[in-house]
Amino acid sequence: MAEQRKKKVVRVETAASKGASGRTSAAGGSGDAAEPAPGWTPTPEAKQQATRFRIIAGVLWLLAIAGEAVAIFWVLRQSPVNLWLLIGLTVVIGALAITGSVLWKKANRLDPASKQDTVRFFVQNQLGAIIAVIAFLPLIVLIFTNKDLDGKQKAIAGIIAIVIGGGAVALGVDYNPPSVEQYTEESNLVAQLTGEDLVYWTKSGSVFHVCADVPDVNKESKDNQIYEGTVAEAHAAGKDRLTKRWESEAVNYCGYTEAEVEAVKAGTDAPASDAPAETPAEEEPAETPAN
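As the structure is a computational prediction, the values presented were derived from the model and not from experiment. (Residues numbered from 1 in each chain as written. Predicted model: local features only at pLDDT ≥ 70, side-chain atom pairs only at ≥ 80, totals over all residues. Heavy atoms only, no water.)

A. A look at the overall build of the protein chain. Along its length, the protein chain carries 9 helices and 5 strands. From first element to last, N terminus to C terminus, the protein chain shows the α and β order β-α-α-α-α-α-β-β-α-β-α-β-α-α. Evaluated residue by residue, the protein chain yields a buried proportion of 46% over its 291 residues. When contacts within the protein chain are restricted to residue pairs at least 6 apart in sequence, long-range pairs at least 24 apart make up 75% of them. Of the roughly 14,600 Å² that the protein chain leaves accessible, carbon and sulfur atoms contribute 60%. (Helix = DSSP H or I, 4+ residues; strand = E, 2+ residues; numbered from the N terminus. Buried < 20%, exposed > 50% of the residue type's maximum accessible area, 1.4 Å probe, protein only. Contact = heavy atoms within 4.5 Å. Areas by Shrake-Rupley, 256 points an atom, 1.4 Å probe, with all protein chains shown as cover.)

Now the structure itself:
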C-alpha cells in the first residue's frame, strides 16, 4: 500500500465540472467502468482563454508583418540604408513572431483541432511556422539583393535575419500537436479504468496521472498541493497529456490489477468484482472514486 500522502489534494472547480464536457462518472459510484465519452470538448474557461490567446497572437503576427513591410518598403529603399535600424526591426519582428507562436500553441493545447480535418489540423498547429516564413523570407531575400548595401552590411544583416527567422520558424513548429482524438482517448481511458473522469497533477508538472498516490505528484513542491480534476481541466491547467507510465502507476500505486489495465488497453470494461478496494478516508476526499 502506498504511504500516506502529506500533500494536500485540491479539487479544481470549473463550470464544466458538472457539465457534459467536464466529467464522466460511474453510475451510483459503484466502481463500474464509465461509458466512453462521445468526444472530448474543452471547458468553457479553456475555450475563452484559447480565444484570447489566438486574438493576441493574431495581433502580434500582424504587427510582425507590418514591421517587415516597414523594413522592405522604407528602410531598404533608403540610400544609404540605415543598417542599425534594419537590424533593430529584424529583432522586433522576431520577438513579435515568436511570442505570437508561443501563445498560439498554448491556445491549441486548450482547444485542439481534430485530425479528421487534415488541412485544418495541419494549418492550425503549424500556423506559427507559416507566419514566421512569411515574416522573414521576403526580407532575407531583399537584404541580399539590395544594391545600397555593401557585402559586409549584407552579411551582417542577412545572417542576423536568417538566425532570428530560423529560430522563429523552429519555435513556431509544433512537433507534437494535440488533437481532439488524443484528449478523447485519455478521457475514455481514465473513465474506463477508474469509473470516473478524474486525474491528478501538480502545478510544476507537464503531465497528469490516474491517482494521487503516485510518487511524481507527491514529490516536494512549493505549494505542497496535488490538484485533481477532469482531463479537460488538466489540459486547461496546462498539462500536455496523460503520463506514459500510467500502466505501471495504476498497478504499483493505484491499486488496480494488471488484468484491469489490460482490459482498458483492449478497450473493454474491467469486471466490477475486480475493482480496487476503497482508499482510507484520510488519503482521499470522500467524493473521489475508490482507488
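Having seen the structure, we can now continue with the description.
B. Molecular detail of the pairing of strand S4 (residues 225–229). Most of S4 is tucked away: 4 of the 5 residues are buried. Bridge count between strand S1 (residues 8–11) and S4: 4 bridges; the pairing is parallel. The partner of Val 10 across the bridge, within S4, is Tyr 227. In this sheet, S4 lies alongside strand S2 (residues 199–201) in antiparallel orientation, the contact comprising 3 bridges. (Pairing = 2+ DSSP bridges.)

C. Spotlight on the packing of aromatic side chains. On inspection of all chains with the given rule, the structure shows 1 aromatic pair. Seen from their ring centres, Trp 61 and Trp 104 are 5.3 Å apart, and the 45 degrees between their planes marks the pair as tilted. Taken as a pair, Trp 61 in helix H1 (residues 44–73) and Trp 104 in helix H2 (residues 83–110) lie far apart in primary sequence, 43 residues in all. What makes Trp 61 buried here is its relative accessible area of 5%. Trp 104 sits in the buried class, given a relative accessible area of 13%. Over the aromatic face of Trp 104 sits the side chain of Arg 54, whose NZ or CZ is 5.5 Å from the ring centroid. (Phe/Tyr/Trp six-rings, centres within 6.5 Å; stacked < 30°, edge-to-face > 60°. Lys NZ or Arg CZ within 6 Å of the ring centre and 35° of its normal.)

D. Representation of the pattern of salt bridges within the structure. Applying the stated criterion across every chain yields a total of 9 salt bridges. The residue Asp 216 makes a salt bridge to Arg 245 at a minimum N-O spacing of 2.3 Å. Highlighted residues: Asp 216 in helix H6 (residues 215–218) and Arg 245 in the loop between strand S5 (241–242) and helix H8 (246–252), separated in sequence by 29 residues. Residue classification places Asp 216 among the partly exposed positions, given a relative accessible area of 26%. One network of salt bridges, in which partners are shared, links Lys 47, Arg 54 and Asp 111. (Salt bridge = Lys/Arg side-chain N within 4 Å of Asp/Glu carboxyl O.)

E. Broad picture of the sheet that holds S4. Overall, mixed pairing links the 3 strands, which are arranged S1-S4-S2 in an open sheet. The sheet is open, and its two edges are formed by S1 and S2, each paired on a single side. Across the sheet, the mean angle from the axis of one strand to that of its neighbour is 30 degrees, orientation sign disregarded. (Axes fitted to C-alpha atoms, helices over the stretch in contact; angles between N-to-C directions.)

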